Structure formats: structure tokens, C-alpha cells
Amino acid sequence: MPDTIDTIAAWAGDAQHLVVLTGAGISTESGIPDFRGPQGVWTKNPDAEKTATLHYYVSDPAVRAKSWQNRLHGEYWTAEPNAGHRALVDLEGSAGLDTLVTQNIDGLHHAAGTTPDKIVEIHGNVREVKCLSCRWRAPMEVALERVRSGEPDPACPECGGILKSATISFGENLVAEDLARAQRAAARADVFLAVGTSLSVYPAAELPEFALANRARLVVLNAEPTPYDPAADLVVRDPLGTVLPAIAGALERLGISDP
């Protein structure tokens, strides 16, 4: 693997526009389970996917109550950035990271220290709560405190509408500007790292297509096969908490820096 790591480091160091897409795989080492891996939440319990599907969430109070309990006891509140998250911060300094698009809602890239303006949380985040009927928003803790006080499914304090986390559920449109920003970044990338993502959830999974259309080098770092493996310049299956720090270390060792 050392030659592979050095190659990725050289590509990243030479890149004018290094773009990274991260998925659930980068956060598993922080104790947050993924969804579609062999031990994924939805793999082991397909019915659990209902809590992330807008149709079921809106139509079934029991699904909402289950979702609120999941949020209340979720690993997001105690998880800490791992070596993979921190290595991407190092890459920002040494390789001039252009944009980090994340499918994750856990906020760990922010916590690790990646420059906020470089992050696109394309699937939203769990740190805020939003109303599905009006524009009311607040920190998630405002709603969680009501759940702790005995409300199984708190309603919007402004209009009485349904509340949910400020995440993008299945069946819910992405924030148009977030998607456009991610697509613009991918379209100008000359090196694109797909990190810990199955590359199966669209439209985020389409981002490598924009990079490939720009003749970018595509590197897939994921434990399981992805649909883009045949098109990738390199595919690495090793743990991200090992691979990403190794790439950052190779950049420093080889004396490669942002041009």
C-alpha cells in the first residue's frame, strides 16, 4: 500500500482543485454506525429506514415518536472526530482542499476543524430542528428538551406543524444551493476523493460523474465495492482512520504542498 498512498498524496498535492466527498464510512470509527454496510443499521433492520423516509415520517405519528427517541439517544451527541476527520483537516492545509461535500449529518467535519466555508452538508445536519410547514428553525436541543419533558412528537411552536431534524429524508428535496455548490465543485475538480461512501444515494452519488467529465483523477476509499470502482484511478479498501492519516503524512514526508 505505501506506493498507492504516495501516489494519492502526489495527486492531491499537485491538484489545483481537490474535492472530497465523504459518507457514513468515515464516521464509523467515531462510533456512529453506517446504514448500508454489512453491519449497517438498515441492513440489519430494513424497517428502520422508515424513520428516514418523509412519507412515513409525515403520515405516521409512531414513526415520528421513534425518530425523536433515536435523536434523543443518538451517538451524534457524544461522538468525537476520528483520525480520518483530522487527516482531512491536514489535507486542507497541505493540499489546498477546495471543497468537502459530506453526506453525513453528524457535524464531525466541523468539530474536527475543517474550514466551515469549505463544507457542504448536502444531506443537512442534525444540529437543528425545522418545521415542515413554516420556516421556523431552532437548535435541536430546543426540541429534544421537550421530548425529555414527555412530548413524544413535539409540534412547531409557531404553526403547529410537524417538526423534524434539519436533515434531508428520502423523498425530500435537497437544498438547491447546496446541491448546485457541490456540483460546481465536482465539475472543477482535478482530483476527487470519494471517502467512506457507497456512492449509491443520488443525487450525491452523481458527483463523481461531474469530476470525471472534467478528466479528474477519481480515488475511491471505501471498505465495500461501489458502482464507480471500474472508473476510478485507484481504489483502496483499508480503514479510513489509517489511510487518510497516511496520505496526509505522505504529503508532509514528500514535501508536497499546495502549488
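Check the entry above for the structure.
What counts and how
Residues numbered from 1 in each chain as written. Predicted model: local features only at pLDDT ≥ 70, side-chain atom pairs only at ≥ 80, totals over all residues. Heavy atoms only, no water. Axes fitted to C-alpha atoms, helices over the stretch in contact; angles between N-to-C directions. Helix = DSSP H or I, 4+ residues; strand = E, 2+ residues; numbered from the N terminus. Parallel < 35°, antiparallel > 145°, perpendicular 65-115°, else oblique. Left-handed = near helix turned anticlockwise from the far one by under 90°. Contact = heavy atoms within 4.5 Å. Nonpolar A, V, L, I, M, F, W, Y, C, P; charged D, E, K, R; others polar. 1 Å grid on protein atoms, 1.4 Å probe; cavity = no way out; pocket = protein on both sides within 12 Å on 5 of 7 lines; lining within 4 Å. Points joined across faces, edges and corners; volume = space filled by probe spheres on them. Buried < 20%, exposed > 50% of the residue type's maximum accessible area, 1.4 Å probe, protein only. Pairing = 2+ DSSP bridges. Expected span 1.5 Å × (residues − 1).

A. Summary view of the packing of helix α5 (residues 83-95) against helix α10 (residues 240-253). Remark: α5 packs on α10, axes separated minimally by 8 Å, with the N-to-C direction vectors making an angle of 20°. Relative to α10, the element α5 is oriented roughly parallel. The interaxial crossing formed by α5 with α10 has left-handed handedness. Facing α5, whose interface residues are Ala83, Gly84, Ala87, Leu88, Asp90, Leu91, Ser94 and Ala95, α10 presents Leu240, Gly241, Leu244, Pro245, Ile247, Ala248 and Leu251. Taken together, the residues of the contact of α5 with α10 sort by class into 11 nonpolar, three polar and one charged.

B. Geometry of empty space enclosed by the protein. A full pass over the atoms with the stated rule returns one cavity of 30 Å³ or more. As a volume, the largest cavity reaches approximately 40 Å³. If you trace the largest cavity, you find it lined by Thr102, Asn104, Asp106, Gly107, Leu108, His109, His110, Ile119 and Glu121. Elements supplying a minimum of two residues to the lining of the largest cavity: α6 (108-112) and β3 (119-121). Ranked by the residues each element gives to the lining of the largest cavity, the list is headed by α6, at three residues.

C. Focus on the pairing of strand β1 (residues 18-22). A large share of β1 lies buried, amounting to five of its five residues. Side chains of β1 alternate between two faces, with Leu18, Val20 and Thr22 and Val19 and Leu21 buried alike. Bridge count for β1 against strand β2 (residues 97-102) is five bridges, and the pairing is parallel. Bridge assignment links valine 19 to a residue of β2, and that residue is threonine 99. Taken together, the five bridges between β1 and strand β7 (residues 191-195) define a ladder with parallel strand orientation. When the sheet's bridge partners are listed, leucine 21 is paired in β7 with alanine 194.

D. Broad picture of the layout of surface pockets. By volume, the second largest pocket is sized at about 160 Å³. Lining the second largest pocket we find 14 residues, and of these Glu121, Gly124, Asn125, Val175 and Asp178 sit closest to its centre. Among the elements of the structure, β3, β4 (124-131) and α8 (176-188) are those that each provide at least two residues to the lining of the second largest pocket. When grouped by side-chain class, the residues that make up the lining of the second largest pocket number six nonpolar, three polar and five charged.

E. Summary view of the packing of helix α4 (residues 61-72) against helix α7 (residues 140-148). Direction vectors running N to C along α4 and α7 enclose 110°, while the axes themselves pass 10 Å from each other. It follows from the interaxial angle that α4 and α7 lie roughly perpendicular. Crossing angle aside, the handedness with which α4 passes α7 is left-handed. Contacts between α4 and α7 pair Trp68, Gln69, Arg71 and Leu72 from the former with Met140, Ala143, Leu144, Val147 and Arg148 from the latter. Here the contact of α4 with α7 is composed, by residue class, of six nonpolar, one polar and two charged.

F. Representation of α10 in the model. With 14 residues, α10 should reach 20 Å at 1.5 Å per residue; the first-to-last C-alpha distance of 19 Å fits that figure. Within α10 the residues assigned to the buried category are Leu240, Gly241, Val243, Leu244, Ile247, Ala248, Ala250 and Leu251. Once α10 finishes, glycine 255 follows within two positions and takes phi at roughly 70°, a positive value.

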